[in-house]
Amino acid sequence: MDRLAQLQQFIGKEFDQSPSPFMKWLNPIVLSVEEGHLEFQYTVRPEWLNPIGNLHGGVTAAIVDDIIGATMFSLNENSFITTINNVIDYFSTAKENDNIVAETKIIKRGRQFVNAQCEIWNADKTRLIARGTSNLFKINN
C-alpha cells in the first residue's frame, strides 16, 4: 500500500500509527488526505500554552513543521524530503481545549525542492491563527 493510502485510512480518526513519535504526541485527528494536501485537527492542551494562556508560538511552529512533513509523505516520493527552513506568521490565538485545524498545500513541487504552506485556523475556519511556509529538499536515498 502506498503512503497516501496509508494516511487515508485514518480519515476521521486519531493518527496513532504515525512513524513520527512527535506527531503521536501532538495527537491529530485526520480530517482529509489528498496528494500534497492534508487537513488535521488538534485540541489545544495545557502543556501547549504560553504563560498568559494562549497557544505557544513554538507549538504552532511545531505543528506547521510536522504536518508539512506528513504532506511530503503523501507525495509518495522515493526520496526523503527534509525541511530547509520555516517561516511562520502569527495572526491570532487559541486557548486551552480549543480545536484548531491545520491545512497544507504544495506551492511548488520541483525536481529537488518543494515549497509548501500550512494554515492553522480555529475549528470553523473563521479566524486564521497562523500561516507557515517551508522550503524542503529531496535527499536521494
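Residues numbered from 1 in each chain as written. Predicted model: local features only at pLDDT ≥ 70, side-chain atom pairs only at ≥ 80, totals over all residues. Heavy atoms only, no water.

Per an unreviewed UniProt entry, the recorded name for the protein chain is PaaI family thioesterase, and the organism is Chryseobacterium herbae. The record in UniProt for the protein chain states the following under Sequence similarities (unreviewed entry): "Belongs to the thioesterase PaaI family." (UniProt positions renumbered as here; feature names shortened; annotations may be inferred.)

In the numbering used here, UniProt assigns the feature "domain: Thioesterase" (unreviewed entry) to residues 53–126. Regarding residues 53–126, the helix share stands at 23% and the strand share at 43%, and the terminal C-alpha atoms are separated by 21 Å. (Helix = DSSP H or I, 4+ residues; strand = E, 2+ residues; numbered from the N terminus.)

Another point: the nonpolar core. Counting residues in each nonpolar core, the largest one holds 34 residues, and the members touching the most others are Phe40, Tyr42, Trp48, Ile63, Met72, Ile100 and Ile120. Counting residues per element, this core draws most heavily on helix α3 (residues 57–73), which supplies seven residues. With near-sequence residues (within four places) excluded, Ile100 lies in contact with Phe40, Gln41, Tyr42, Val44, Leu55, Ile63, Ala94, Ile120, Trp121 and Ile129. (Core = buried A, V, L, I, M, F, W, Y, C linked by side-chain atoms within 4.5 Å. Buried < 20%, exposed > 50% of the residue type's maximum accessible area, 1.4 Å probe, protein only. Contact = heavy atoms within 4.5 Å.)

A few words now on the environment of Trp48. Relative to the elements of secondary structure, Trp48 occurs in the loop between β2 (37–43) and α3. Dropping the residues within four chain positions of it, Trp48 is found in contact with Trp25, Leu26, Tyr42, Thr43, Asn54, Leu55, His56, Val59 and Ile63.

Let us now look at α3. The first and last C-alpha atoms of α3 sit 25 Å apart over 17 residues, in line with the 24 Å expected at 1.5 Å per residue. All of the buried residues in α3 are Val59, Thr60, Ala62, Ile63, Val64, Asp66, Ile67, Ile68, Ala70, Thr71 and Met72. (Expected span 1.5 Å × (residues − 1).)

Tallied over the full model, the rule gives six aromatic pairs. Taken together, a centroid distance of 6.1 Å and an interplanar angle of 50° make the contact between Trp25 and Trp48 tilted. Of the two residues, Trp25 sits in helix α2 (residues 21–26) while Trp48 sits in the loop between β2 and α3, which places them 23 residues apart along the sequence. The partly exposed category is assigned to Trp25, whose relative accessible area is 38%. (Phe/Tyr/Trp six-rings, centres within 6.5 Å; stacked < 30°, edge-to-face > 60°.)

Our focus in this paragraph is the pattern of salt bridges. In total, this model carries seven salt bridges according to the counting rule given. Across the salt bridge formed by Arg109 and Glu35, the nearest N and O atoms sit 2.9 Å from each other. Note that Arg109 is positioned in strand β4 (residues 99–109) and Glu35 in the loop between β1 (29–34) and β2, a separation of 74 residues in sequence. Exposure remark for Arg109: the relative accessible area of 37% places this residue in the partly exposed category. Across the pair Lys125 and Glu39 runs a salt bridge, and its minimum N-O distance is 2.9 Å. (Salt bridge = Lys/Arg side-chain N within 4 Å of Asp/Glu carboxyl O.)

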